[in-house]
Amino acid sequence: MTPNASIVTLDRTEQTRLAPNHELSLEPGPAPRWVLHLGLLWECRRIMARVAGISFLASLAIAFLMPKQYKSTTSIMPPDQSSPSTMMLAALAGRVGGLGTLGSLAGSLGGVHTTADLFIDLLRSGTVSDHLIDRFNLQHVYRKRYRIDAAKHLAHITTITENKKSGVITIQVEDTDRYRARDLAQGYLDELNQLVVQTNTSSAHRERVFIGQRLHSVQADLEDAEQKLSQFSSNNNAIDIKEQTRAMVDAGARVQAELIVEQSGLQSLRQIYGDGNVRVRESEARIASLQAQLDKMAGSPTAPGSGASPGSTSGPGADSELYPPLRQLPRLAVPFADLYRRVQVQEAVFQLLTQQYETARIEEAKDVPAVSVVDVPGVAEKKSFPPRLWVTLLLTVLSCAFASAIILSRHYWSVMPRTDPRRALAEEMIPVVQRRLRSAFAFKRGAA
């Protein structure tokens, strides 16, 4: 007797016993399909128990053989670049229900979400991934032949999310090495900071770059002007024309006054002692010396060491002169003044540009969006994957379900009549599929 027949007989007996007048007895319907399936599996309970035990042990081994994954998490907060006016506009548009367009415009002007989206795009950019691949040698670590495969694997183990309410960006990196996961998360922060500085396009940055280039050219002009002034002063003994002229005039006046005094004394000595006296000759020698000094200061052509040509700045004694002659000072004043003025102008421009350059650097540092780290990436203490208990239970349940499906399929195949079109189609398809599989495996084995 089949299980179905016994169940039907039991139902009839029970209904007959429970009917008080034997007139309200009901004819039972066929048993539900799940009851038949359960009964069939109960008959094969020993097989199912063995399958469950073997699958549990195999699933447990697989769960413990799966590599551990460690997750490192860091959080950053993008800078708030919204101005008070745009915030007031957004608040006003939020209160007034009919200003939906105005509210969206104010939100776009606020720049908070735009900055967060920009940071997320920078973190997911190819530049950041390429730098991380080179920095940690990820192609060798992940055993990827091509760089693009290593980049895909890095993107797969990295999760970047944004909290829409607070704007905080969370970066999670999962790796088999807990320390490498921490280093990769920190690497994302470092590369983001560097990329933000490199891609800074603010007005302060452009101003700083322009002033830096201008400062470089002005510095070169200042050095050239100082070199020319130094060479001119060295060749002509011209240190400060104005001061030198004043000193030369004062010295010449003193020498000339002494000369006049000595000439007056010489006349008196000649009248008293005559021309051959020792005092007269001594006075004549002093007068000659003072006259030579006066001629030398005046730049007279007949003065000793003045050179062959009048007014020339070079001669036998030109290099030994402490100051240029008085006659040459007016001629040297114009080129000296031009060179000196050029040096002063270039020096003033250089000082001004230096101050502006430092100010532009400060403004650029203020405009560069700094990445504010909320949570520093740390070393994971516990593994994040795999959950061994759930993996074992899931694989065991799937194995038992697969075994149950096989048992039920074999039962239905055995009770299916041979005239059934489904069985005829299956008997026709199965040999063809087997031949194709055998030929495919044979081809792969031959190629290997």
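Shown above is the structure to which this text applies.
Residues numbered from 1 in each chain as written. Predicted model: local features only at pLDDT ≥ 70, side-chain atom pairs only at ≥ 80, totals over all residues. Heavy atoms only, no water.

Thoughts on the overall build of the chain
Step number 1: Tallying secondary structure elements over the chain gives 16 helices and four strands in all.
Step number 2: Burial status across the chain gives 28% buried among its 448 residues.
Step number 3: Put simply, of all contacts in the chain between residues at least 6 apart along the chain, 74% involve residues at least 24 apart.
Step number 4: Total accessible area on the chain is roughly 30200 Å²; 59% of this is exposed by carbon and sulfur atoms. (Helix = DSSP H or I, 4+ residues; strand = E, 2+ residues; numbered from the N terminus. Buried < 20%, exposed > 50% of the residue type's maximum accessible area, 1.4 Å probe, protein only. Contact = heavy atoms within 4.5 Å. Areas by Shrake-Rupley, 256 points an atom, 1.4 Å probe, with all protein chains shown as cover.)

Details of the sheet that holds strand β3 (residues 169–175)
Sheets are built from strands paired through backbone hydrogen bonds, the pairs being either parallel or antiparallel.
Step number 1: An order of β2-β3-β1-β4 is seen for the four strands of this open sheet, with the pairing classed as antiparallel. With partners counted over all chains shown, the strands left at the sheet margins are β2 (158–162) and β4 (372–375), one partner each. Strand-to-strand twist in this sheet, taken as the mean axis angle between neighbours without regard to direction, amounts to 25 degrees.
Step number 2: Pairing of strand β1 (residues 70–77) with β3 involves seven bridges; the strand directions are antiparallel. Bridge pairing in β3 links Thr73 to Gln172. (Pairing = 2+ DSSP bridges. Axes fitted to C-alpha atoms, helices over the stretch in contact; angles between N-to-C directions.)

A short note on the pairing of β3
Step number 1: Burial within β3 is extensive, with five of its seven residues counted as buried.
Step number 2: For β2 and β3, the ladder comprises five bridges, and the chain directions are antiparallel. Directly across from Thr158, in β3, lies its bridge partner Val173.
Step number 3: Between the end of β2 and the start of β3, which pair antiparallel, lie six residues, with Gly167 showing a positive phi angle near 80 degrees.

Thoughts on the packing of helix α3 (residues 45–65) against helix α15 (residues 388–415)
Step number 1: Two elements in contact, α3 and α15, have axes separated by 8 Å at closest approach and are oriented at 145 degrees. Pair α3 / α15 crosses with right-handed handedness. Side by side, α3 and α15 meet where Met48, Val51, Ala52, Ser55, Phe56, Ser59, Leu60, Ile62, Ala63 and Phe64 of the first sit next to Arg388, Val391, Thr392, Leu395, Thr396, Ser399, Cys400, Ala403, Ser404 and Ile407 of the second.
Step number 2: Each residue belonging to the contact of α3 with α15 can be placed in one class, and the counts come to 13 nonpolar, six polar and one charged. (Left-handed = near helix turned anticlockwise from the far one by under 90°. Nonpolar A, V, L, I, M, F, W, Y, C, P; charged D, E, K, R; others polar.)

Some details on a nonpolar patch on the surface
Step number 1: A cluster of nonpolar residues, Leu425, Met429, Val433, Leu437 and Phe441, forms a patch on the protein surface that exposes about 490 Å² of accessible area.
Step number 2: Within the fold, Leu425 resides in helix α16 (residues 421–447). (Patch = residues over 30% accessible without salt bridge, like charges linked within 9 Å, V, L, I, M, F, W, Y side chains within 5 Å. Salt bridge = Lys/Arg side-chain N within 4 Å of Asp/Glu carboxyl O.)

Some remarks on unusual backbone geometry
Step number 1: Residue Pro386 is bonded to the preceding Phe385 through a cis peptide linkage, with omega at 5 degrees.
Step number 2: Checked against the element boundaries, Pro386 lands in the loop between β4 and α15.
Step number 3: You will see that Asn137, though not glycine, has its phi angle at about 55 degrees, which is positive.
Step number 4: A positive phi angle is found at Arg143, which is not glycine, with a value near 55 degrees.
Step number 5: Following the sequence through the fold, Arg143 ends up in the loop between α8 (138–141) and α9 (147–157).
Step number 6: A relative accessible area of 78% places Arg143 in the exposed class.

Some points on the side chain of Gln69
Step number 1: Note on placement: Gln69 falls in the loop between α3 and β1.
Step number 2: When its relative accessible area of 17% is taken as the criterion, Gln69 is described as buried.
Step number 3: The residues contacting Gln69, other than those within four sequence positions of it, are Glu174, Asp175, Thr176, Lys383, Ser384 and Phe385.

Quick look at α3
Step number 1: The end-to-end C-alpha distance of α3 is 30 Å, a good match for the 30 Å that 21 residues give at a rise of 1.5 Å each.
Step number 2: For α3, the full list of buried residues reads Met48, Ser55, Ser59 and Ala63. Relative to the axis of α3, the buried residues are bounded by an arc of 70 degrees and lie together on one face. Facing away from the buried side of α3, by more than 90 degrees, are the exposed residues Arg46, Arg50, Ile54, Leu57, Phe64 and Leu65.
Step number 3: Buried residues along α3 sit in contact with α2 (33–43) and α15. (Expected span 1.5 Å × (residues − 1). Arc of directions from axis to C-beta.)

Structural notes on the packing of aromatic side chains
Step number 1: Taken as a whole and judged by the stated rule, the model has zero aromatic pairs.
Step number 2: Taking the ring centre of Trp42 as reference, the NZ or CZ of Arg45 above it sits at 4.5 Å.
Step number 3: A cation sits over an aromatic face here: Arg423 above Trp413, 4.8 Å from the ring centre. (Phe/Tyr/Trp six-rings, centres within 6.5 Å; stacked < 30°, edge-to-face > 60°. Lys NZ or Arg CZ within 6 Å of the ring centre and 35° of its normal.)

Things to note about the pattern of salt bridges
Step number 1: Within this structure, the stated rule accounts for twelve salt bridges.
Step number 2: Ionic pairing is found between Arg147 and Asp134, a salt bridge with its closest N-O pair at 2.6 Å. Taken as a pair, Arg147 in helix α9 and Asp134 in helix α7 (residues 126–136) lie far apart in primary sequence, 13 residues in all.
Step number 3: Exposure remark for Arg147: the relative accessible area of 31% places this residue in the partly exposed category.
Step number 4: For Glu427, the salt bridge goes to Arg423, with nearest N and O atoms at 3.2 Å. Residue Glu427 and its partner Arg423 are both found in helix α16; the two are separated by four residues, about one turn of the helix.
Step number 5: Since its relative accessible area comes to 9%, Arg423 is described here as buried.

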